[in-house]
Every structure is written in C-alpha cells, then in structure tokens.
Amino acid sequence: RDHRLGGHQGLWKMALDTEAEKIIKELREFKHEIKRMDLKVHEFISDREKYRNPYPEGLAGKIRKYEKQVYRSPSNEVRLHLDNLLGSLLTYERSWKQLFQADAERGRNRRVR
C-alpha cells in the first residue's frame, strides 16, 4: 500500500515544510545577530568614547518576542533550532552581564583613586 501523502495532506505538508524553512532561516539570522552584538559589546567595553552602547537587551527582547510566535511549531527541526538559539542567547547574556559589571567596577576603581 502506498503511504505517500496526497491531495490536501500533501499540500499541507509542503506548506508546513516551507514555513519551517522560513522560520529556521530567521532563527539562523538571529544567531548571527547575537554574534554581531557580542562584537559590538566587546568594542564598547574596550573604548566607550569611540563606540556607542549597543544595548544587547533590545536584541534579547526581540528574540524572545519572536520565540513566542514560533515556539508551538509542529516541526521538530524548528524546535531544535529555537532551543539552540535560546541556549546561545542565555550564554551570551551572562557573558555580557559579566563584562558590563566588570567594566563598571573598573570605572568605580578609577574614580576612587
């Protein structure tokens, strides 16, 4: 017996696959944005006069807002990419927080002297 999807089911699966591919592409772009933000944070910490504060909280909020739109996707691949993205975001957020805290502490120490 032939178990291939046909008719409306086949079209639905193709539409689902296309939507999943679109979401995965957007998740990958967010991952690249995180890496670009990391570079900007490091630049800012290295020279506050030359570089502006990139405010990584804005990117984190944008990603979390997008997460709420796609987290119920029926695609296992989408959920895997989303989990991977959120794990990376959490790791970078911790790093950024530590960088900003250490920089603030150095600033306090410079003013005390």
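The model shown is predicted, which means the values in this text are computed figures rather than measured ones.

**Side note on the overall build of the protein**
Helices and strands together make up the secondary structure of the protein, namely three helices and zero strands. The helix and strand sequence of the protein, counted from the amino end, reads α-α-α. The proportion of buried residues among the 113 residues of the protein is 28%. In the protein, once contacts between residues fewer than 6 apart in sequence are set aside, the share between residues at least 24 apart is 71%.

**Focus on the nonpolar core**
Core analysis: the largest hydrophobic core is formed by 21 residues, its most contacted members being Leu27, Ile34 and Ile63. Counting residues per element, the ones that place at least two in this core are helix 1 (7–46), helix 2 (56–70) and helix 3 (76–112). Setting aside chain neighbours within four positions, we find Ile34 in contact with Leu59, Ile63, Leu85, Leu89, Tyr92 and Trp96.

**Some words on the packing of aromatic side chains**
Per the counting criterion, the structure on display carries three aromatic pairs. With centroids separated by 5.3 Å and ring planes inclined at 55°, the aromatic side chains of Phe30 and Tyr66 adopt a geometry described as tilted. With Phe30 in helix 1 and Tyr66 in helix 2, the pair connects residues that are 36 residues apart, well separated along the chain. Of the two residues, Phe30 and Tyr66, both sit in the buried class. With 5.8 Å between their ring centres and 40° between their planes, Tyr92 and Trp96 make a pair best called tilted. One end of the pair, Tyr92, and the other, Trp96, are both in helix 3, four residues apart, so they sit about a helical turn from each other. Note on Tyr92: relative accessible area 23%, which makes it partly exposed. Take Trp96: its relative accessible area is 3%, and that puts it in the buried class.

**Points about the environment of Lys40**
In this fold, Lys40 is placed in helix 1. On the basis of relative accessibility, which here comes to 46%, the residue Lys40 falls in the partly exposed class.

**Here's the deal with helix 2**
Side chains three or four residues apart in an α-helix point the same way, a direct result of the helix having 3.6 residues per turn. Here helix 2 spans 22 Å end to end across 15 residues, near enough to the 21 Å set by a 1.5 Å rise per residue. Looking only at helix 2, the buried set comprises Pro56, Leu59, Ala60, Ile63, Tyr66 and Val70. Taken around the axis of helix 2, the buried residues stretch over an arc of 125°, which confines them to a single face. Across from the buried face of helix 2, at angles greater than 90 degrees, the exposed residues are Glu57, Lys65, Lys68 and Gln69.

**Quick notes on the confidence of the model for the protein**
In this model, the protein carries an average pLDDT of 87, and 82% of its residues clear a pLDDT of 70 or more. When mean pLDDT is compared element by element in the protein, helix 2 scores highest at 95, while helix 1 scores lowest at 85.

**Considerations on the pattern of salt bridges**
This structure, assessed with the given rule, holds five salt bridges. For Lys62, the salt bridge identified is with Glu33, shortest N-O distance 3.3 Å. Here Lys62, found in helix 2, pairs with Glu33, found in helix 1; they are 29 residues apart in sequence, far enough to count as distant. Among the ionic pairs, Arg48 bridges to Asp103, the shortest N-O distance being 2.5 Å. One end of the pair, Arg48, is in the loop between helix 1 and helix 2; the other, Asp103, is in helix 3, with 55 residues separating them in the sequence. The exposure class assigned to Arg48 is partly exposed, which follows from its relative accessible area of 44%. Within this structure, Arg48, Asp103 and Arg106 form a network of salt bridges that share partners.

Definitions and limits used
- Residues numbered from 1 in each chain as written.
- Predicted model: local features only at pLDDT ≥ 70, side-chain atom pairs only at ≥ 80, totals over all residues.
- Heavy atoms only, no water.
- Helix = DSSP H or I, 4+ residues; strand = E, 2+ residues; numbered from the N terminus.
- Buried < 20%, exposed > 50% of the residue type's maximum accessible area, 1.4 Å probe, protein only.
- Contact = heavy atoms within 4.5 Å.
- Core = buried A, V, L, I, M, F, W, Y, C linked by side-chain atoms within 4.5 Å.
- Phe/Tyr/Trp six-rings, centres within 6.5 Å; stacked < 30°, edge-to-face > 60°.
- Expected span 1.5 Å × (residues − 1).
- Arc of directions from axis to C-beta.
- pLDDT = per-residue confidence, 0-100.
- Salt bridge = Lys/Arg side-chain N within 4 Å of Asp/Glu carboxyl O.

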